[in-house]
Amino acid sequence: MNDPDVLVIGAGLAGLACARHLHRRGRSVQVLEASDRVGGRVRTETVDGFRLDRGFQVMLTAYPEAQLELDYEALDFHAFYDGALVRYNGRFHRIADPFRHPFDAPKTLFSPIGTAADKIRVARIRSRLRRRTVPEIMEREEQTAQQALEGRWGFSSSMIDRFFRPFFGGIFLDRTLDASSRMFEFLFKMFTEGQTVLPAGGMARIPQQMRSHLPDDAIRLNAPVEAVDGHTVTLADGETMDAESIVVATEAPMADRLVGGMGSGNGCSTVCLYYAASDSPLDDPILVLNGDGVGPINNIAVPSDVAPGYAPNDKALVSAVVVGNPSEDDATLERTVREQLIDWFGLSAGGWTHLDTMRIPYALPDQSPPFLSPPQRDVRRRPGLYVCGDHRRTGSINGAIAAGRDAARAVIADQS
């Protein structure tokens, strides 16, 4: 595309949302993407007929920005069970949303995962957060999620350690629960108001759908950017491109390298190990949590139980998530993870085929306070230069889409 109105650097969710919004408003857009496909961190690989998302990922249907941006029916979402199995003291214990699974409420009430009073507190936090708007949640005093669970909501240490730490630790990729209480309460609200889902064709279907609304020549792949200077973008091969407006829609470390002012760009890491099994070790499409806190695994899921397209018809796909980036090499880590899988699911797990180990050094921005103070960081660096990404809003699909849209609005306002 020659002489576009706007150059967008990065075809992740934020860049695609920005480009789509600009295109709707009649601006010509050229998106420069360093890799061979759109989606950024939201991508899916195919290995021996299995669909492996880049790290264990899910979509929350209650995300307000996703509801505006995505065609849910076309994505063919499939839902997880509303609850979890918690591995504690050598057994699996079911923790269910009693409002959606009332017949499983007795198992939840009498499980050793927290006290009876904790189960009442869950109902209380559910009710209160459903009544609050997202802006109201973002205005509440920001502290860590751990502090909010203890002080604001009164949960016992056993409930925090056995349920909240592995559950939200797997979401924040930080088992210390040092992430923002605002983010914790926002996500808790999203979980209670919608479903946790996977697209039938893998998480990559989300950016693919967003890309389909742009002209064919709007995306240029394998085009890494080396520098941004004024209204000029220099690619790694030396080519230069000019535009009235430039939007840097990359992860925070790259954005800081290109335009500065992003701070340290600290991120949270994760490792996801995928296995092919002859059949699923679970009876439901449910998340499994490590309530003991012992061993490398934080949580396990069987994506093919949720959306059958993740595995061939006669197989099951198992994902095991390790929070952080362990120092062990991949072979050593895989042996340790497999030992824990055998302990949990029996000797049959020893025969599962290891498909891949995905290390994601920057999977999410560090969301510890004051990450959301303010909850919306400025996307405008100066007129003509803008930055967007989940690091400017919340570390989520919702945050990435919101940041992209807001950057596009800033571009349009300045060009007008």
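Residues numbered from 1 in each chain as written. Predicted model: local features only at pLDDT ≥ 70, side-chain atom pairs only at ≥ 80, totals over all residues. Heavy atoms only, no water.

Student: Residues and numbers for the sheet that holds strand 14 (residues 245-248), please.
Tutor: Each strand in a sheet pairs with its neighbour through backbone hydrogen bonds, running either in the same direction (parallel) or in the opposite one (antiparallel). Strand order across the open sheet formed by 6 strands is 10-2-1-14-21-20, with mixed pairing between neighbours. Of all the strands in the sheet, just strand 10 (219-220) and strand 20 (380-382) have a single pairing partner and so form its edges. As defined by bridge partners, strand 20 adjoins strand 21 (residues 385-387) across 2 bridges and the pair is classed as antiparallel. The residue bridging Arg382 from the neighbouring strand is Leu385, located in strand 21. Where helix 14 (residues 397-415) meets the sheet, it contacts strand 1 (6-9), strand 14, strand 20 and strand 21, and its direction lies at approximately 165° from that of strand 14. (Pairing = 2+ DSSP bridges. Helix = DSSP H or I, 4+ residues; strand = E, 2+ residues; numbered from the N terminus. Contact = heavy atoms within 4.5 Å. Axes fitted to C-alpha atoms, helices over the stretch in contact; angles between N-to-C directions.)

Student: Which residues make up the pairing of strand 18 (residues 316-323), and what values do they have?
Tutor: Of all 8 residues making up strand 18, 7 are buried, and the element is well covered by its neighbours. Bridge analysis of strand 15 (residues 267-277) against strand 18 gives 8 bridges, and the strand direction is antiparallel. Looking at strand 18, one finds that Tyr274 is bridged to Ser319. Taken together, the 3 bridges between strand 17 (residues 299-301) and strand 18 define a ladder with antiparallel strand orientation. Paired with Ala301 across the two strands is Ser319, which belongs to strand 18. (Buried < 20%, exposed > 50% of the residue type's maximum accessible area, 1.4 Å probe, protein only.)

Student: Could you give me a rundown of the nonpolar core, with the residues and numbers involved?
Tutor: The tendency in soluble globular proteins is for nonpolar side chains to be buried side by side. By size, the foremost hydrophobic cluster in this structure holds 98 residues, and its most contacted members are Phe163, Phe168 and Phe184. In terms of residue count, the dominant contributor to this core is helix 14 (9 residues). Aside from chain neighbours lying at most four places away, what touches Phe163 is Ala84, Val86, Ile95, Ile113, Ser158 and Leu289. Judged by nonpolar contacts, the second largest core, of 24 residues, contains Ile297, Ala320, Val322 and Leu341. (Core = buried A, V, L, I, M, F, W, Y, C linked by side-chain atoms within 4.5 Å.)

Student: Could you give me a rundown of the pairing of strand 12 (residues 232-235), with the residues and numbers involved?
Tutor: Residues of strand 12 alternate between two faces, with Val233 and Leu235 buried on one and Thr232 and Thr234 left unburied on the opposite face. Hairpin remark: strand 11 (residues 225-229) followed by strand 12, antiparallel, with 2 residues in the connecting loop; positive phi at Gly230, about 65°. Direction of pairing for strand 12 relative to strand 13 (residues 240-242): antiparallel, over a ladder of 3 bridges. Each residue of the ladder has a partner; that of Thr234, found in strand 13, is Thr240.

Student: Go over the environment of Val86 with me, naming the residues and quoting the values.
Tutor: The topology assignment puts Val86 in strand 7 (residues 83-88). On the basis of relative accessibility, which here comes to 0%, the residue Val86 falls in the buried class. Sequence separation between Val86 and Ala413 is 327 residues; the distance between their C-alpha atoms is 50 Å. Contacts of Val86, omitting those with residues within four sequence positions, involve Arg91, Phe92, His93, Ile95, Ile113, Arg162, Phe163, Leu289 and Gly291.

Student: Give a description of the packing of helix 7 (residues 145-152) against helix 8 (residues 157-172) that names residues and reports values.
Tutor: Running from N to C, helix 7 and helix 8 point in directions that differ by 150°, and their axes come no closer than 11 Å. Taken as a pair, helix 7 and helix 8 cross one another with a handedness that is right-handed. Facing helix 7, whose interface residues are Ala145, Gln146, Leu149 and Glu150, helix 8 presents Ile160, Phe164, Arg165 and Phe172. Residue composition of the contact of helix 7 with helix 8, grouped by class: 5 nonpolar, 1 polar and 2 charged. (Left-handed = near helix turned anticlockwise from the far one by under 90°. Nonpolar A, V, L, I, M, F, W, Y, C, P; charged D, E, K, R; others polar.)

Student: Describe in detail the side chain of Asp82, supporting the description with residues and values.
Tutor: Here Asp82 shows up in the loop between strand 6 (77-79) and strand 7. According to the relative accessible area criterion, Asp82 is buried, its value standing at 15%.

Student: I'd like a rundown of the environment of Ala204, residues and numbers included.
Tutor: Inspection of the secondary structure assignment puts Ala204 in the loop between strand 9 (196-199) and helix 10 (205-211). Of the residues examined, Ala204 reaches a relative accessible area of 9% and is grouped as buried. Beyond its immediate sequence surroundings of up to four residues, Ala204 is in contact with Val42, Arg43, Thr44 and Asp53.

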